[in-house]
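Descriptive analysis of the structure
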Amino acid sequence: MAVTKKDIFPLLPKIVREQEYVRYVNRRIKTKVEEIKEEILKEFNNHPVTVEIEGGVSSSNISGTLNGITNLFSFIGFDSGEKPIDPIRRRIEQIAPKFRISPTGIITYTIEFPTAKDIFEITPLPWAPGRSWAKGIETGISGIGYYIKKVSNSRSGLGIQSKKPVRTGVRFQNTQYISSLINKYTKEIQKLEKLTL
Amino acid sequence: MIPTFTHDVNNSFFLWFDNYLANQISGHRTYTTKFYCYKDDTIGSGVVYGSPYKQWVYDHNVAGATIPSGLTIDGVFTPTGTSGLIFDFQNGRAIFQNTGVSSGLAITGTYTVKEYNTYITDETEETLLVENKYQTNSRFTVTENAVTPYDCATPAIFISAESVTNKGFAMGGMDETTVVMKGVVFAESLFQLDGALSACADAAQRCFKLIPMTAHPLAEFMNLKTGSYPTGYDYVNTSNQYTNKIFIYDVTTSKMRDSVSKELHPKLNIGFIDFDLGNMRYPRS
């Protein structure tokens, strides 16, 4: 006799109360989510923008966004020793599944996956904290941070003080960053809906 | 060159923004002042009388605004058209296009001035903030005189279309066109800056109509196009003639850190507004 969904449904509430079953499903989902998280972190860590910013004041412009004139860390205007990448990495590391069992025996998994907007909210520009530098990488950033650094360096003796306006002379070229990464892996997470356990 | 989508978006955004800000924060003030004659070679043989304030309101939809229909010359009200009288709303002045107009007339007029001067620009934020110098819209000057034309005056908001991107949206060639519009705000006080940023933040999830550039209300001398707008320009009436809408997906506002702002322009408070706009269209049809 063939077993149909009709035969299985009445058994579901009992099955999901079986510790062994719940542990198995949790393990499978958690493994899959961890795999995706590892992939995101790998891609994020190896992204030229991430590498360049993590390189600090002395890094070279490997992202190609500034024609090699300066680097993103200095251009955005971060202070030496600042770690602007850390909040993004922490947020990605928080990706984890949560589950809930309904009385009818359906286990619902919710994966707290950040949106691009979530990331933009934790990446303030040093000179305009309401704006996001991560968004600026995608849509454009002005060289104000770089200008300010130049002026303050010249005052502190690290440069020449001039009465003429200091032009940054650097034009920023937008590039894909957080949004494309999030979009790509949101699709991967959505694919888990069709995962066969 | 014919106007393209970007031209129309710039035009529509500018007209909407001017109307929105003026109504939302009651961002205007009405003055009755003298007008002062000065020479402007770009006008040709016309005679120019300037007021002390730039950027007069020309939109009848702005509640409480006085849109001038003429001036008092030597004690007699003189409507526009007399001796070729037109108003340059952008530079806050009256231009007599006919020759032979005396430069010694006693002229007074009543008009409404925008709290924030608005400018469409293609200059980078860096240029606006670092290299440009601005005059104030002479609200607090003791000796009243005509404001210098053409130069930008603060309080001001500079708007520029930063990027336009098309992305496939639906079968049949429909794209989602996203436009990033950025604004730099120069205010005379923190209160004034907060007002503009707050009003702009509240603009998220609103729509405005796509008004073609040809429908822009101002003509060559920044005077009203009386042919297109014989009874005056009203933003809402004008926008009601068009159906295509631009959606404001998101607005982000930010103040520049005080330490940085004081370094660049000690007397001004600076802020930023980023508008993410979108429209569904068929760019290849």
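Preceding block: the structure.
Residues numbered from 1 in each chain as written. Chains lettered and ligands numbered in written order. Predicted model: local features only at pLDDT ≥ 70, side-chain atom pairs only at ≥ 80, totals over all residues.

**Focus on the overall build of chain B**
Of regular secondary structure, chain B possesses five helices and 15 strands. A compact globule built from 285 residues should have a C-alpha radius of gyration of about 19 Å, and chain B, at 20 Å, falls within 12% of that. Structurally, chain B occupies a C-alpha span of about 65 × 45 × 35 Å along its principal axes. When the 285 residues of chain B are sorted by exposure, 39% land in the buried category. For chain B, the share of sequence-separated contacts (at least 6 apart) that also reach a separation of at least 24 residues comes to 75%. (Helix = DSSP H or I, 4+ residues; strand = E, 2+ residues; numbered from the N terminus. Rg over C-alpha atoms; globule rule 2.2 N^0.38 Å. Buried ≥ 20, exposed ≤ 12 C-beta atoms within 10 Å, placed from the backbone. Contact = placed C-beta atoms within 7 Å.)

**Some words on the pairing of strand β2 (residues 107–111) of chain A**
Residue and element names in this part refer to chain A. By the bridge criterion, five bridges tie strand β1 (residues 97–101) to β2 in an arrangement that is antiparallel. Paired with Lys98 across the strands is Thr110, a residue of β2. Counting the residues that bridge the hairpin from β1 to β2 gives five residues, and of these Gly105 lies at a positive phi of roughly 90°. (Pairing = 2+ DSSP bridges.)

**Brief notes about the interface of chain A and chain B**
Listed as interface residues are 15 residues of chain A and, on the opposing side, 19 residues of chain B. Among the residues forming the side of chain A that touches chain B, the class breakdown is eight nonpolar, six polar and one charged. (Nonpolar A, V, L, I, M, F, W, Y, C, P; charged D, E, K, R; others polar.)

**A short note on the sheet that holds strand β11 (residues 156–170) of chain B**
All names here are of chain B. Taken in spatial order, the six strands make up an open sheet running β8-β11-β12-β15-β14-β13, and their pairing is mixed. Each having just a single partner strand, β8 (117–120) and β13 (207–209) make up the two edges of the open sheet. With strand direction ignored, the average angle separating the axes of adjacent strands in the sheet is 30°. Sheet analysis places β13 next to strand β14 (residues 245–255), joined by three bridges and oriented antiparallel. What sits directly across from Cys207, in β14, is Phe247. Taken strand by strand, helix α1 (residues 5–24) contacts β8, β11, β12 (174–187), β13 and β14, and its axis lies near 130° from that of β11. (Axes fitted to C-alpha atoms, helices over the stretch in contact; angles between N-to-C directions.)

**A few points about the sheet that holds strand β2 (residues 47–50) of chain B**
Residues and elements named next belong to chain B. Pairing is antiparallel across the open sheet formed by seven strands, whose spatial order is β4-β3-β7-β1-β2-β6-β5. Sheet topology places β4 (76–79) and β5 (85–88) at the edges, where each strand pairs with a single neighbour. With direction set aside, neighbouring strand axes in the sheet form an average angle of 35°. With four bridges connecting them, strand β3 (residues 70–73) and β4 associate as antiparallel partners. Paired with Leu71 across the strands is Thr78, a residue of β4.

**Things to note about unusual backbone geometry**
Along the chain, Thr154 of chain B connects to Pro155 of chain B via a cis peptide bond; the corresponding omega equals 0°. Relative to the helices and strands, Pro155 of chain B resides in the loop between β10 (153–154) and β11. Of note in this structure, Asn67 of chain A is not a glycine but carries a positive phi near 55°. For Asn67 of chain A, the position within the fold is in the loop between α4 (48–54) and α5 (72–76).

**Concerning the packing of helix α3 (residues 19–46) of chain A against helix α10 (residues 178–191) of chain A**
Residues and elements named next belong to chain A. Packing of α3 against α10 leaves a shortest axis separation of 11 Å and a crossing angle of 165°. Of the possible angle classes, the one that applies to α3 and α10 is roughly antiparallel. Crossing angle aside, the handedness with which α3 passes α10 is right-handed. Touching Ile36, Ile40, Glu43 and Phe44 of α3 are Leu181, Tyr185, Glu188 and Ile189, all from α10. Residues of the contact of α3 with α10, tallied by class, amount to six nonpolar, no polar and two charged. (Parallel < 35°, antiparallel > 145°, perpendicular 65-115°, else oblique. Left-handed = near helix turned anticlockwise from the far one by under 90°.)

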